[in-house]
Amino acid sequence: MQQVDQIIHARWVIPVEPAAEVLPAHSVLVRDGRITAVLPTPVATRDFTAPRIVHLARHALLPGFVNAHTHAAMALFRGLADDLPLKTWLEEHIWPAEARWADREFVRDGTRLAVAEMLLGGTTCFNDMYFFPDEVAAAAIAAGIRATVGMIVIGFPSAWARDTREYFANGQAVHDRYRDHPLIRTAFAPHAPYTVDDDALRQVAVRAEELDVPIHIHLHETAHEVAEAVATTGLRPIARLERLGLLSNRLLAVHVTALEASEQRLLAKAGVSVAHCPESNLKLASGFCPLAALTAAGVNCAIGTDGAASNNDLDMLGEMRTAALLAKAVAGDPCAVPAHVALRMATLNGARALGLEQEIGSLSAGKSADLMAFDLGGLRAQPVYDPISQIVYAGHRDQITDVWVAGRRVVEERRLLSVDEQDLLATAERWRARIDAR
Ligand SMILES: [Zn+2]
């Protein structure tokens, strides 16, 4: 008998890679936070023992979701301003609210709330863009979730930084502070082409190369953004980013609507990844990302929830289903983005977009044990012909019962082990009262 730290026996294991594979009656072995093997359960029980053994007789075990784009702290703005176009929503509601409220304490409390929601929904890694990324990192570490925090750059002052120089300096300090932490990575996060000038974008390209980190930017969120860019700069935003040296496999472009065919080819050729946020795009009527066409062109497409102010939840399971359904409607093709491809977008493609594909996103020996257990034993999931189809097209996040990050169990039978839920509820209510009183 060989010894490992933890053995998880499951009715099904869905490794994501190879594509569409479902392994009945398999077990995942974990040692030092990493997967050491995925084996048929009879082999695992014959050859291995562990101090911790988990039996998931009615569950599928799969990799945790990678939320490829969010603004976690905006969870405290959930429902603050709905049913508005992007420009009005941003300029008359969100930016003023951020100017008033988005200080260090807000980011700390908002991120704690978001992280709790994400963990309960099976998300084990998120890519964040917000002020005070040091607070985002601290909240992620406290809850035991993996995060890529954004070294934000934006062309106006905030409580986090006064000008471009300070945005870069403060971002660099966060990078230095967390560079060796196992759960935290950094990315440059220039907000959008229309809020960051050429000089700052050039600096982002150079510094991202030096630090070997991704670049995370909103790009082509609406046709209006593209038209305004042409009017003010003479260039479409993608052409401008190409000219400034930002189109590369470091770039994670968020939203990407209003695309010309030549731009799809350009993104594919440059190795750019896309973070598709279908529910935010639908709610703000931003436009449609041509997900099936981008995938066919070879672009790595991941899925993000965007912030809770424009979604209004951080539910990657729901987001994945919306992505799969919307892709079919946009392409006019029911075969576009089948269930197993949608699942891959929500896991392994997100990992790849963040440069973490060797570390997370699928279940294979050597990768970090970032896992979720999905209960398919209830009435709503019967009968189970195809577990992947059940999860993508009929699943609800309440069926996610257990979550592990780097082998640490952070959710057990739908209860958060790393977060004080009562304290968090009281904190959220305190912020609601403060913000409502204005
Ligand atoms: Zn966003």
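None of the values given here were measured: they were computed from a predicted structure.

1. Brief notes about the overall build of the chain
In step 1: The number of helices and strands found in the chain is 16 helices and 18 strands.
In step 2: Over its C-alpha atoms the chain spans a radius of gyration of 21 Å, differing by no more than 12% from the 22 Å that the globule rule assigns to 438 residues.
In step 3: Dimensions of the chain, computed from C-alpha atoms along their principal axes, come out at roughly 65 × 45 × 40 Å.
In step 4: A buried classification covers 59% of the 438 residues belonging to the chain.
In step 5: When contacts within the chain are restricted to residue pairs at least 6 apart in sequence, those whose partners lie at least 24 apart make up 72%.
In step 6: On the chain, roughly 17000 Å² of surface is accessible, and the fraction owed to carbon and sulfur atoms is 51%.

2. Overview of helix H12 (residues 316–331)
In step 1: When the terminal C-alpha atoms of H12 are compared, their 22 Å separation across 16 residues agrees well with the 22 Å that a helix rising 1.5 Å per residue should span.
In step 2: For H12, the set of buried residues is Met316, Leu317, Gly318, Glu319, Met320, Thr322, Ala323, Ala324, Leu326, Ala327 and Lys328.
In step 3: You can read the cap of H12 off the contacts: a side-chain oxygen lies 3.1 Å from the backbone nitrogen of Leu317, and it is on Asp315.
In step 4: Backbone geometry just downstream of H12 places Gly332 in the positive-phi region, at approximately 65 degrees.

3. A closer look at the coordination of the zinc ion
In step 1: Coordination of the zinc ion by the protein comes from His69 (NE2), His71 (NE2), His218 (NE2) and Asp306 (OD), over a distance range of 2.1 to 2.3 Å.
In step 2: Around the zinc ion, the four donor atoms sit at angles spanning 86 to 172 degrees, and that spread fits a shape best called irregular.
In step 3: Each donor residue of the zinc ion belongs to the same chain, and together they define the spacing H-x1-H-x146-H-x87-D. A residue pair is termed long-range when its members are at least 10 positions apart, and His218 in strand S11 (residues 215–219) and Asp306 in the loop between strand S14 (300–303) and H12 qualify at 88 residues.

4. Side note on helix H4 (residues 133–143)
In step 1: The buried fraction of H4 is high, at eight of 11 residues.
In step 2: Here H4 has its buried residues at Pro133, Asp134, Glu135, Val136, Ala137, Ala139, Ala140 and Ala143.
In step 3: Elements that come into contact with the buried residues of H4 comprise helix H3 (104–120), strand S8 (123–128), strand S9 (146–153), helix H5 (164–178), strand S10 (184–190) and strand S17 (408–412).

5. Things to note about a nonpolar patch on the surface
In step 1: On the surface, Leu282, Phe288 and Val330 cluster together into a nonpolar patch covering about 270 Å² of accessible area.
In step 2: Within the secondary structure layout, Phe288 lies in the loop between helix H10 (278–283) and helix H11 (291–297).

6. Here we look at the side chain of Thr195
In step 1: By secondary structure assignment, the location of Thr195 is in the loop between S10 and helix H6 (198–211).
In step 2: Looking at Thr195, the relative accessible area reads 10%, which means it is buried.
In step 3: Once residues within four sequence positions are removed from consideration, Thr195 is found in contact with Trp95, Ile154 and Gly155.

7. Thoughts on the packing of H12 against helix H15 (residues 387–394)
In step 1: At a minimum axis separation of 8 Å, H12 and H15 run at an interaxial angle of 90 degrees. Between H12 and H15, the angle falls in the class roughly perpendicular. Note on element contacts: H15 touches H12 through Ile391, Val392, Tyr393 and Ala394, opposite Leu317, Met320, Arg321, Ala324, Leu325 and Lys328.
In step 2: A breakdown of the residues in the contact of H12 with H15 according to their chemical character gives eight nonpolar, no polar and two charged.

8. Observations regarding the pairing of S10
In step 1: Here S10 lies mainly inside the structure; six of its seven residues are buried.
In step 2: Across seven bridges, the pairing between S9 and S10 is parallel. Bridging across to S10, Thr148 finds its partner in Arg185.
In step 3: Crossover handedness for the path S9 to H5 to S10: right-handed.

9. Remarks on the pattern of salt bridges
In step 1: Evaluated as defined, the whole model comprises 27 salt bridges.
In step 2: With a shortest N-O distance of 3.1 Å, Lys87 and Glu91 are connected by a salt bridge. Of this pair, Lys87 and Glu91 both sit in helix H2 (residues 86–101), four residues apart, roughly one helical turn.
In step 3: One salt bridge connects Asp402 with Arg409, and the closest N-O pair in it is separated by 2.7 Å.
In step 4: Classification of Arg409 by relative accessible area gives partly exposed; the value is 22%.
In step 5: In this structure, a network of salt bridges that share partners links the residues Arg78, Glu117, Asp315 and Arg397.

10. Some points on the pairing of S9
In step 1: Burial analysis of S9 places eight of its eight residues in the buried class, the great majority of the element.
In step 2: Residues Arg146, Thr148, Gly150 and Ile152 point to one face of S9 and Ala147, Val149, Met151 and Val153 to the other, with burial holding for every one of them.
In step 3: Strand direction decides the pairing type here: S8 and S9, joined by three bridges, are parallel. Each residue of the ladder has a partner; that of Phe126, found in S9, is Ala147.

11. Focus on the packing of aromatic side chains
In step 1: Summed over the entire model, instances satisfying the criterion amount to seven aromatic pairs.
In step 2: Plain terms: the ring middles of Phe77 and Phe106 are 4.8 Å apart, the flat faces sit at 40 degrees to each other, and that makes the pair tilted. Of this pair, Phe77 sits in the loop between strand S7 (65–70) and H2 while Phe106 sits in helix H3, and the two are 29 residues apart along the sequence. You'll find Phe77 and Phe106 in the same group, each marked buried.

Thresholds applied
- Residues numbered from 1 in each chain as written.
- Predicted model: local features only at pLDDT ≥ 70, side-chain atom pairs only at ≥ 80, totals over all residues.
- Heavy atoms only, no water.
- Helix = DSSP H or I, 4+ residues; strand = E, 2+ residues; numbered from the N terminus.
- Rg over C-alpha atoms; globule rule 2.2 N^0.38 Å.
- Buried < 20%, exposed > 50% of the residue type's maximum accessible area, 1.4 Å probe, protein only.
- Contact = heavy atoms within 4.5 Å.
- Areas by Shrake-Rupley, 256 points an atom, 1.4 Å probe, with all protein chains shown as cover.
- Expected span 1.5 Å × (residues − 1).
- Polar contact = N/O pair within 3.5 Å; in protein donor to acceptor, adjacent residues only side chain to side chain.
- Donors = N, O, S within 2.8 Å, 3.2 Å for Na, K, Ca; no water.
- Tetrahedral: all angles 85-135°; square planar, octahedral: opposite > 155°, others 65-115°.
- Patch = residues over 30% accessible without salt bridge, like charges linked within 9 Å, V, L, I, M, F, W, Y side chains within 5 Å.
- Salt bridge = Lys/Arg side-chain N within 4 Å of Asp/Glu carboxyl O.
- Axes fitted to C-alpha atoms, helices over the stretch in contact; angles between N-to-C directions.
- Parallel < 35°, antiparallel > 145°, perpendicular 65-115°, else oblique.
- Nonpolar A, V, L, I, M, F, W, Y, C, P; charged D, E, K, R; others polar.
- Pairing = 2+ DSSP bridges.
- Right-handed = clockwise from strand over helix to strand, strands pointing away.
- Phe/Tyr/Trp six-rings, centres within 6.5 Å; stacked < 30°, edge-to-face > 60°.

Worth remembering: the numbers are spatial, not functional.
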